[in-house]
Amino acid sequence: MKREFAVIGLGRFGGSICRELSMEGMEVMAIDHDEDKVNEYKNIASHAVIADSTDEASLKELGIKNIDHVIVAIGDNIQASILTTVILTDLGIKKITVKAQNDRHEKILNKIGADQVVHPERDMGKRIAHSIISNNILDYLELSDDHSIVEVKAGRKMRGNTLVDLDIRANYGCNVVAIKHGKEINVSPSADDVLKEDDVLIVIGSDKDISRFEKHLV
Ligand code: ATP
Ligand code: ATP
Ligand code: CA
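Because the structure is a prediction, the values reported are computed rather than measured.

What counts, and at which threshold
Residues numbered from 1 in each chain as written. Chains lettered and ligands numbered in written order. Predicted model: local features only at pLDDT ≥ 70, side-chain atom pairs only at ≥ 80, totals over all residues. Heavy atoms only, no water. Axes fitted to C-alpha atoms, helices over the stretch in contact; angles between N-to-C directions. Helix = DSSP H or I, 4+ residues; strand = E, 2+ residues; numbered from the N terminus. Parallel < 35°, antiparallel > 145°, perpendicular 65-115°, else oblique. Left-handed = near helix turned anticlockwise from the far one by under 90°. Contact = heavy atoms within 4.5 Å. Nonpolar A, V, L, I, M, F, W, Y, C, P; charged D, E, K, R; others polar. 1 Å grid on protein atoms, 1.4 Å probe; cavity = no way out; pocket = protein on both sides within 12 Å on 5 of 7 lines; lining within 4 Å. Points joined across faces, edges and corners; volume = space filled by probe spheres on them. Domains from an automatic or database assignment. Patch = residues over 30% accessible without salt bridge, like charges linked within 9 Å, V, L, I, M, F, W, Y side chains within 5 Å. Areas by Shrake-Rupley, 256 points an atom, 1.4 Å probe, with all protein chains shown as cover. Salt bridge = Lys/Arg side-chain N within 4 Å of Asp/Glu carboxyl O. Lys, Arg positive; Asp, Glu negative; His and termini not counted. Charge placed at Lys NZ, Arg CZ, Asp CG, Glu CD. Buried < 20%, exposed > 50% of the residue type's maximum accessible area, 1.4 Å probe, protein only. Arc of directions from axis to C-beta. Polar contact = N/O pair within 3.5 Å; in protein donor to acceptor, adjacent residues only side chain to side chain.

Novice: Before we go on, may I ask you to explain the packing of helix α4 (residues 78-90) against helix α5 (residues 103-111) in this structure?
Specialist: Packed helices, taken two at a time, are described by the angle their axes make and the gap between the axes. Between α4 and α5, the least distance of the axes is 10 Å, while the angle of their chain directions is 15°. With respect to their mutual orientation, α4 and α5 come out roughly parallel. The two elements α4 and α5 meet at a crossing, and its hand is right-handed. Together, Ile 78, Ser 81, Ile 82 and Thr 85 of α4 and His 105, Ile 108 and Leu 109 of α5 make up the contact between the two elements. Counted by class, the contact of α4 with α5 contains four nonpolar, three polar and no charged residues.

Set out below in structure tokens:
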């Protein structure tokens, strides 16, 4: 059976989620209280409807209860975002993802039962900051408050060396979990594989250790 999604709030973020899910062939109900926004998604989403998501009766009427996963992408109006999330949790929606506008908003959303809270502006800012530090840093993913994963191109200092030569674990406290070369990915890199140009290392560690690694080796 096809999974059904609803996206509430069709700004840049919600709109992009709605487009992508639809392109992947998912059933998506697009909801906004702004008629113009809804019209934009008439031909993209499976259904596009005008509704105020802070109105419980309207959400019920839309049959939101039968939807597996609801994404709340209301940004500026924090009160509307919180009210909508409370209504959805009361209705017993299986999975609720909500976009947070700031750290306090994020805390509240977690407390009232959002299953997943995302903070795209903050997270994208962090990722871009890391890619600015070094051209070799391709991606950065936060695992927890103080642990992350980075994807780094084998820099000048790494090429021609093995993982043993570099001794990344002892020197930087980080672990290389995989090495990518083109489309191939080696998920159990051996200690004596020689790193080549264009190799990409996937490295996991504490933020402090990764920061040292980024500054010295990348
Ligand atoms: P983005 O940065 O993703 O463009 P934003 O963070 O600036 O968006 P807003 O523009 O405030 O967020 O809100 C996104 C959308 O949510 C808007 O299209 C807005 O009309 C819609 N929206 C806000 N409140 C409600 C509500 N109560 N019910 C339905 N839609 C709402
Ligand atoms: P967000 O990343 O939070 O979604 P946004 O896309 O909504 O941000 P704005 O809030 O409009 O963008 O602008 C971001 C910041 O840029 C604000 O702090 C604003 O004060 C600042 N800013 C806007 N115009 C100028 C300017 N001409 N000179 C300096 N700073 C500016
Ligand atoms: Ca915004």
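Having seen the model, we can carry on.
Novice: Would you take a moment to explain the layout of surface pockets for this structure?
Specialist: Left-over empty space is what a probe sized like a water molecule reveals as it rolls over the atoms. Taken as a whole, the largest pocket spans an internal volume of roughly 540 Å³. As for the largest pocket, its lining consists of 26 residues, of which Gly 9, Gly 11, Ala 73, Ile 74 and Gly 75 are closest to the centre. Put simply, the parts of the chain that give the lining of the largest pocket at least two residues each are α1 (12-23) and α6 (120-133). For the lining of the largest pocket, a count of residues per class yields nine nonpolar, nine polar and eight charged. Roughly 390 Å³ of volume is contained in the second largest pocket. Lining the second largest pocket are 16 residues, and of these Val 118, His 119, Arg 122, Asp 123 and Glu 142 lie nearest its centre. Breaking the lining of the second largest pocket down by element, the ones donating at least two residues are β6 (116-118), α6 and β7 (137-142). With six residues, the top contributor of residues to the lining of the second largest pocket is α6. In terms of residue class, the lining of the second largest pocket is made up of six nonpolar, three polar and seven charged. Split by domain, the lining of the second largest pocket shows at least three residues from each of two domains, domain 1 (4-118) and domain 2 (123-216).

Novice: Before we go on, may I ask you to explain a positive patch on the surface in this structure?
Specialist: Together, Lys 153, Arg 156, Lys 157 and Arg 159 line one region of the surface with positive charge. For Lys 153, the position within the fold is in strand β8 (residues 147-153).

Novice: How should I be thinking about α5 in this particular structure?
Specialist: Count 3.6 residues to each turn of an α-helix, and residues three or four apart come out pointing the same way. Buried residues of α5: His 105, Glu 106 and Leu 109, and no others. The buried residues of α5 occupy an angular sector of 100° when the element is viewed end-on, so they sit on one face. Residues Arg 104, Lys 107 and Lys 111 are exposed on α5 and point more than 90 degrees away from its buried face. Looking at the buried side of α5, the elements it contacts are α4, β5 (95-99), β6 and α6. Taking the backbone nitrogen of Arg 104 as reference, a side-chain oxygen 3.2 Å away marks Asn 102 as the first, capping residue of α5.

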